[in-house]
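Given next are the chains, with one letter for each unit.
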Amino acid sequence: KAVSVSKQLLQCITDLTLKLCGDIQSDTEKFAKHARRTTVNVDDVRLFARRNEDVVKFLDDFASKHLKPPMKRKRTAPEQHAEQH
């Protein structure tokens, strides 16, 4: 049997979804910036979702199936970096 949904409920769900998407965007951008990156990656989304184990598990499964592991940047030691300047 079909269940009907009121226009008010549909609008409420739409508003909540847009708010959540904005929060995800804002927070993940802050996490990437804190990590001195300009690109948001799966780790940032995992950090956002860290309190929801089911979402983190879904993200981990998705990433392992569909994403390449990130390339590690070589970091120079502080004394090497100072010598270069």
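In what follows, the accompanying structure is described. (Residues numbered from 1 in each chain as written. Predicted model: local features only at pLDDT ≥ 70, side-chain atom pairs only at ≥ 80, totals over all residues. Heavy atoms only, no water.)

What follows covers helix α3 (residues 53–66). For α3, built from 14 residues, the straight-helix expectation of 20 Å at 1.5 Å per residue is met to within 8% by its first-to-last C-alpha distance of 20 Å. Of the positions making up α3, those classed as buried are Val56, Leu59 and Ala63. Along the axis of α3, the buried positions cluster into a sector of 60°, meaning they face one direction only. Turned more than 90 degrees from where α3 packs its buried face, Glu53, Asp54, Lys57, Phe58, Ser64, Lys65 and His66 sit exposed. (Helix = DSSP H or I, 4+ residues; strand = E, 2+ residues; numbered from the N terminus. Expected span 1.5 Å × (residues − 1). Buried < 20%, exposed > 50% of the residue type's maximum accessible area, 1.4 Å probe, protein only. Arc of directions from axis to C-beta.)

Attention now moves to helix α1 (residues 7–34). Note: α-helices contain 3.6 residues per turn, so residues at a spacing of three or four share the same orientation. Taking 1.5 Å of rise per residue, the 28 residues of α1 would be expected to cover 40 Å, and the 41 Å separating its terminal C-alpha atoms lies within 8% of that figure. Backbone geometry just downstream of α1 places Arg36 in the positive-phi region, at approximately 60°.

Applying the stated criterion across every chain yields a total of four salt bridges. Here Lys19 ties to Asp23 by a salt bridge, and the two come within 2.9 Å at their closest N and O atoms. Pair noted here: Lys19 and Asp23 are both in helix α1, with a separation of four residues, about one helical turn. (Salt bridge = Lys/Arg side-chain N within 4 Å of Asp/Glu carboxyl O.)

Positive phi outside glycine occurs at Arg36, with the angle close to 60°. Its place among the elements puts Arg36 in the loop between α1 and α2 (42–48).

Quick look at a nonpolar patch on the surface now. Taken together, Val5, Leu9, Leu10 and Ile13 make up a surface patch of nonpolar side chains, about 360 Å² in accessible area. Looking at where Leu10 falls in the secondary structure, it is placed in helix α1. (Patch = residues over 30% accessible without salt bridge, like charges linked within 9 Å, V, L, I, M, F, W, Y side chains within 5 Å. Areas by Shrake-Rupley, 256 points an atom, 1.4 Å probe, with all protein chains shown as cover.)

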